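Letter by letter, the chains look like this.
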Amino acid sequence: MILSQTRVTFSFLLLFPLLILLGGREAIRFPRREIVRSMVLGILGLAGANYFYYLAIDRSTVATAIIVQYTAPVWVLLYMVARGFQRPTAQRILAVTLSVVGAALAIGVLNSAQIKANFVGILASLGAAFSFAFYTVYGHDVLSSNPRWKVTLYALLGASLFWLLLNPPNRILAAHYSGSQWIFLLVFAVTSMLVPIAFYFSGLQHLDATRAIVTSCLEPIFAILCAAIFVHEGLSWIQVVGVVIVLVATVIVQLPEGSARTREAGSS
């Protein structure tokens, strides 16, 4: 809980003065409606995904939580198709299917020792998946008409307030964390939340929700590869196959579709 809370809280406390320093009051001035929308994005998206993810780990295993969470591309595509925002083309369906299958293989779906079926754990994992899908779809909508840094600031504010309700300051102070632990939490907040969410929100301004969330399936892939390179963890051939499949899915989903290629040819 303290990791999830300090990730968003420290990120907000760092970003807020930085934006004022660089852009003055105008850098944080935002219409009330957009502040509310951004905070909803932070609460139901960022905080929701973190809360359900750690609950899933607590009740099941890391592998179970990640595998179910990364079914999010399926929910995004289903939503986009149901609302009529996208067509269920063979290219999109193939890319989404490959990303989910590849991530599951890379994480270890075939390793029964890592998978623990538990009703509450699976339910929490689905909550993480839906929250992830929500902040991709809703985030794309909010960011389509608003500056990225303002949306990021108020999304972090919303998530920070959510965590304050669950874990108030007096409970944090009672834990008596050391100076080195606070420094670690600060660095962890910047490297695992502020920088990545800024990049992801930037991506949502340039990619549709399906393309963005399929590409995000590279996250566990990079984690596995970094563990193999820097911590010398073993990499099975099944994991290698999973890595390759996710890479293929990422390429496929970025390719222009048939209608887009036709329009480009006509323009030429």
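Every value quoted in this text rests on a predicted model; they were computed, and no experiment measured them.

Reading guide: rules and limits
- Per chain, residue numbering runs from 1 following the sequence as it is written.
- Whole-chain, interface and lining totals are the exception, using all residues; otherwise, since this is a predicted model, local features are given only for residues with pLDDT of at least 70 and side-chain atom pairs are given and counted only at 80 or more.
- Values reported for side chains reflect all heavy atoms of the structure, with hydrogen atoms and water molecules removed beforehand.
- Strands here are runs of E lasting at least two residues and helices are runs of H or I lasting at least four, both read from the DSSP assignment and numbered beginning at the N terminus.
- The cut-offs for exposure are 20% and 50% of the maximum accessible area for each residue type, with area from a 1.4 Å probe on protein chains only; residues under the lower value are buried, those over the upper are exposed, and the others partly exposed.
- Two residues qualify as a contact provided that any one of their heavy atoms is within 4.5 Å of a heavy atom in the partner residue.
- Method for areas: the Shrake-Rupley scheme with a 1.4 Å probe, in which residue coverage is limited to the protein chains shown.
- Side-chain atoms within 4.5 Å link the members of a nonpolar core, which is a set of buried Ala, Val, Leu, Ile, Met, Phe, Trp, Tyr and Cys residues.
- The patches described consist of residues with a relative accessible area above 30% and no salt bridge, like charges being joined within 9 Å and nonpolar side chains (Val, Leu, Ile, Met, Phe, Trp, Tyr) within 5 Å.
- For salt bridges, the criterion is a side-chain nitrogen of Lys or Arg within 4 Å of an Asp or Glu carboxyl oxygen.
- In this analysis the probe radius is 1.4 Å and the grid spacing 1 Å, with only protein atoms considered; a cavity is a set of points the probe fits into but cannot get out of, a pocket is an open set with protein on both sides within 12 Å along at least five of seven lines, and lining residues have an atom within 4 Å of a point.
- Grid points are joined across faces, edges and corners, and a volume is the space filled by probe spheres set on the points.
- Polarity classes work like this: nonpolar for Ala, Val, Leu, Ile, Met, Phe, Trp, Tyr, Cys and Pro, charged for Asp, Glu, Lys and Arg, and polar for all others, with Gly in that last group.
- Angles shown run from 0 to 180 degrees and are taken between the N-to-C directions of axes, each axis being a line fitted to C-alpha atoms and, for helices, limited to the stretch in contact.
- In these notes the angle categories are as follows: under 35 degrees is roughly parallel, over 145 is roughly antiparallel, 65 to 115 is roughly perpendicular, and the rest is oblique.
- Two helices crossing with the near one rotated counterclockwise from the far one by less than a right angle form a left-handed crossing, whereas a clockwise rotation gives a right-handed crossing.

Asker: For the overall build of the protein, give the residues involved together with the corresponding values.
Answerer: Helix and strand counts for the protein come out as 13 helices and zero strands. Taking all 268 residues of the protein together, the buried fraction comes to 46%. For the protein, restricting intrachain contacts to residue pairs at least 6 apart in sequence, the fraction spanning at least 24 positions comes to 87%. As displayed, the protein has an accessible area near 13,800 Å², and 70% of this comes from carbon and sulfur atoms.

Asker: Let's hear about the environment of F201: which residues, and what values?
Answerer: Inspection of the secondary structure puts F201 in helix α9 (residues 179-204). Its relative accessible area of 0% is what places F201 among the buried residues. Residues F201 and R59 lie 142 residues apart in sequence; the distance between their C-alpha atoms is 30 Å. Not counting chain neighbours up to four residues away, the residues in contact with F201 comprise L41, Y135, L143, R148, V151, T152 and A155.

Asker: Let's hear about the nonpolar core: which residues, and what values?
Answerer: Y135, L156, Y200 and F201 are the most contacted members of the largest nonpolar core, which totals 56 residues. Those residues in contact with Y135 that sit more than four places away from it in its chain are L41, G45, L46, A49, H140, I197, Y200, F201 and L204. Within the second largest apolar cluster, seven residues are counted, among which are L77, V214, A249 and V253.

Asker: Kindly report on a nonpolar patch on the surface, identifying the contributing residues and their values.
Answerer: Judged by side-chain polarity, L235, V240, V244 and V248 come together as a nonpolar surface patch covering roughly 280 Å² of accessible area. Positionally, V240 belongs in helix α12 (residues 237-254). Relative accessible area serves as the criterion here: at 38%, V240 is assigned to the partly exposed category.

Asker: Got a sec to walk through empty space enclosed by the protein? Specific residues and values, please.
Answerer: For the structure shown, the criterion picks out one cavity of 30 Å³ or more. Volume-wise, the largest cavity comes out at about 30 Å³. Around the largest cavity, the lining residues are Q91, R92, D208, T210, R211, V253 and E257. Partitioning the lining of the largest cavity into residue classes produces one nonpolar, two polar and four charged.

Asker: Quick rundown of the side chain of R37? Include the residues and the values.
Answerer: Within the secondary structure layout, R37 lies in helix α2 (residues 32-59). When its relative accessible area of 11% is taken as the criterion, R37 is described as buried. Not counting residues within four places of it along the chain, the set of residues in contact with R37 comprises Y138, D141, V142 and N146.

Asker: Any details on the packing of helix α4 (residues 72-82) against helix α6 (residues 119-143)? Residues and values, ideally.
Answerer: The interhelical angle for the contact between α4 and α6, taken along N-to-C directions, is 50 degrees, at an axis separation of 8 Å. Of the possible angle classes, the one that applies to α4 and α6 is oblique. When the axes of α4 and α6 are compared, the crossing they make is right-handed. Two secondary-structure elements touch here, α4 through A72, W75, V76, Y79 and M80 and α6 through L126, A129, F130, F132, A133 and V137. The residue inventory of the contact of α4 with α6, partitioned by class, reads 11 nonpolar, no polar and no charged.

Asker: Please provide a residue-by-residue account of the layout of surface pockets, values included.
Answerer: Each pocket or cavity is described by its volume, and for the largest pocket that value is around 1,500 Å³. As for the largest pocket, its lining consists of 48 residues, and the residues nearest its centre are Y70, S216, E219, P220 and A223. Those elements giving two or more residues to the lining of the largest pocket turn out to be α2, α3 (62-69), α5 (90-107), α6, α9, α10 (209-215), α11 (218-230) and α12. For the lining of the largest pocket, the element with the highest residue contribution is α9, accounting for nine residues.

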